[in-house]
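Okay, here's what each chain looks like letter by letter:
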Amino acid sequence: GDQLIASIVNDYTFFVLPDIATQLSALEVEHFNSEEEKLAKKDALMQDYALKSERVHTIQQLLKAYTMFVKDDDYVIIDGEVKIVDEQTGRIMEGRRWSDGLHQAVEAKERVKVEAATQTFATITLQNYFRMYHKLAGMTGTAITEAGEFWDIYKLDVIEIPTNRPIARQDLNDRVYKTNREKYNAVIEEIVKMRNSGRPVLVGTTSVEISELLSRMLSMRKIPHQVLNAKLHQKEADIVARAGQSTLGEVVNADGTKEKKMLGAVTIATNMAGRGTDIKLSDEVKAAGGLAIIGTERHESRRVDRQLRGRSGRQGDPGSSVFYVSLEDKLMRLFASDRISKVMDRLGFEEGEMIEHKMINNSIERAQKKVEENNFGIRKRLLEYDDVMNKQRKVIYERRRHALMGERIGMDISNIIWDRVLRIIAKGDYETCREDFFRIFAMDIPFTKEQFDKMSRNKLEDETFDIVIEAFKKRTSRLASVAFPVIKDVYESKGQMYENILVPITDGRRIYQISVPLKEAYETEGKSILIAFEKAVLLHTIDEAWKENLRALDDLKHSVQNASYEQKDPLLIFKLESVHLFDTMVNEINNGTISVLMRCSIPIAEESDVQQATANQAADNRKKNKNGK
């Protein structure tokens, strides 16, 4: 920690991104003793840039964690772990973690164990995921409010099916209070009133924080109740199923006398808890008026409010629903609080008084409709951006599928080599070509400067391609010849014991542990190892490049939004820039793949050591080289 602080204090560029383009340009005019020295310096500059880029990104994520993510609202801490709470359902999203270092930033903020960082390997919007199906259909009780979106995105009609029995539930007008304090006090009074009249109560809240606040308020009044929030989601169905019950209890009347009577159960839950759970009512509860739904805040989506109301009034049961709203609620602050506040002041409303009128309901529903339209606009815009990414996704996944199946892998690699040769020669500068041949193909340039200047481009490309392919085949066939003696020895002496064999192959930087069926490797004289290695390299290179491309696209999506200030369409700029990013990624995949394949070798002391190994030495060699499994 002290060392890090000293570094930050002494190095004013600690959080400053270097101008990498200028640094690389300066490198071109600098004198070096060899190409290796120049490449090493270039790698050092790139590594420094990557390190500082990561540093700045980490600071940004920490700022997000401290300023935009609230405990017991966006996430909860359970058993020393940060767990995400779904803002729509109020449920824990088990196993889900925020990507791009954000989850680690929240863990650091809460001083719990910081788990290993995750980065997105694949991403798709739900809309494009659903569009992959040939047929789409669904059922929900609240789709009618989103009918326009279903048609716009999926070309699906929404059909409203009448209820089996007439609805007997009373949906009351919203009760509007000036402050949250007045509102929550009124909610508690309503709970006590409903409970004492023998009606069970289901209280809907929008966050863990509010549900726990109401729970404390009820505990102070000594009112037994159940709390269902993101911390208790395992018991959801059981708790909600009992929400319609009543039990015999004792009530203290205003004059101090005690009276035994049927009291309704009190359940505090998130607005969407209990969907699909049958809340059955006893005859006593039905006679008392049924289940009472109390919403403590209007959700920004009408669907969620309707789902809460829908907990009551099943199959023609009696019941009621009412929402308590305060001018301090997020929705009211955004849309209606000023106007209603002036009305309340003008009419001389005192502490605890409320407005209850159909006009207020309509005003709130209009506000919700505005938010829904805005959210739909955001989702539609997101889909337009994802449609651009979807085209890239199809190309990359097609290449990945070819690598995974391995049927045309030889053709794919030949095409990559041909493409690299064309690109290198097309640069038109002999020294740059020499540098690229060394960097990508790990070989000296196979033609002289005179040939480069005088030969026709087609002939030069054809001859160069033949030389590079020949070098590639020699390199890979050597792998088989080095590995086969060990494979032969293992198969012939212990073939019945092992099904697979693990072959280490390195490019000088990374060791790939290639697992192949022992029998197949023996029968093909080690050639199956080459195919398995080529598959592994292609898959690894594609995955790494695609992962970085997703991050770059995400950064681009945020950065292009500023284009709107210049009266330009951010989406159009995103489309143009994403093509450039895609071309760069494909170029990196091709360069990376060939660079590894042209440098591959099995890390052993001498080839002759393996070929001349006796039966007794073979086991030791296998252990040393990690070839035995």
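Rules of the game
Residues numbered from 1 in each chain as written. Predicted model: local features only at pLDDT ≥ 70, side-chain atom pairs only at ≥ 80, totals over all residues. Heavy atoms only, no water. pLDDT = per-residue confidence, 0-100. Helix = DSSP H or I, 4+ residues; strand = E, 2+ residues; numbered from the N terminus. Contact = heavy atoms within 4.5 Å. Salt bridge = Lys/Arg side-chain N within 4 Å of Asp/Glu carboxyl O. Core = buried A, V, L, I, M, F, W, Y, C linked by side-chain atoms within 4.5 Å. Buried < 20%, exposed > 50% of the residue type's maximum accessible area, 1.4 Å probe, protein only. Patch = residues over 30% accessible without salt bridge, like charges linked within 9 Å, V, L, I, M, F, W, Y side chains within 5 Å. Areas by Shrake-Rupley, 256 points an atom, 1.4 Å probe, with all protein chains shown as cover. Lys, Arg positive; Asp, Glu negative; His and termini not counted. Charge placed at Lys NZ, Arg CZ, Asp CG, Glu CD. Axes fitted to C-alpha atoms, helices over the stretch in contact; angles between N-to-C directions. Parallel < 35°, antiparallel > 145°, perpendicular 65-115°, else oblique. Left-handed = near helix turned anticlockwise from the far one by under 90°. Nonpolar A, V, L, I, M, F, W, Y, C, P; charged D, E, K, R; others polar.

(A) Highlighting the confidence of the model for the chain. Taken as a whole, the chain shows an average pLDDT of 83; of its residues, 90% reach a score of 70 or greater. Taking the mean pLDDT of every element in the chain, the minimum, 37, falls on helix α22 (residues 607-611) and the maximum, 95, on strand β10 (residues 291-295). This stretch, residues 605-629, has a pLDDT under 50; its non-local contacts, to residues over four places away or in other chains, come to 37 contacts.

(B) Structural context of the pattern of salt bridges. Scanning the model with the defined rule gives 33 salt bridges in all. A salt bridge links K83 to E81; its shortest N-O distance comes to 3.7 Å. Among the ionic pairs, R175 bridges to E190, the shortest N-O distance being 3.4 Å. A residue pair is termed long-range when its members are at least 10 positions apart, and R175 in strand β4 (residues 175-177) and E190 in helix α7 (residues 180-196) qualify at 15 residues. If you follow the salt bridges from partner to partner, you end up with E81, K83 and E94 in one network.

(C) How the structure looks around the environment of D157. Inspection of the secondary structure puts D157 in the loop between α6 (147-154) and β3 (168-171). In sequence terms D157 and I144 are 13 residues apart; their C-alpha atoms lie 9.7 Å from each other.

(D) Representation of the nonpolar core. Counting 68 residues, the largest nonpolar core has I417, F441, I505 and F533 as the members making the most contacts within it. Not counting residues within four places of it along the chain, the set of residues in contact with I417 comprises F441, F465, V468, I469, F472 and I594. Within the second largest apolar cluster, 21 residues are counted, among which are I188, L214, M217 and I223.

(E) Structural view of a negative patch on the surface. Side chains of D462, E463, D466 and E470 sit close together on the surface and give a patch of like negative charge. Note on placement: E470 falls in helix α18 (residues 457-494). Overall, the relative accessible area of 43% leaves E470 in the partly exposed class.

(F) Spotlight on the packing of α18 against helix α20 (residues 527-559). The N-to-C vectors of α18 and α20 enclose an angle of 120°; their axes lie 8 Å apart at closest approach. One element, α18, and the other, α20, form an angle in the oblique class. The element α18 and its partner α20 pack so that their crossing is right-handed. Residue-level contacts link F472, T476, S477, L479, A480, A483 and I487 of α18 to K527, I529, L530, F533 and E534 of α20. Across the contact of α18 with α20, the residue classes break down as eight nonpolar, two polar and two charged.

(G) View of unusual backbone geometry. Of note in the backbone geometry, R111 takes a positive phi value of approximately 55° without being a glycine. Relative to the assigned elements, R111 resides in the loop between α4 (102-109) and α5 (126-131). The exposed category is assigned to R111, whose relative accessible area is 75%. The phi dihedral of K155 is positive, around 55°, even though this residue is not glycine. Here K155 is to be found in the loop between α6 and β3.

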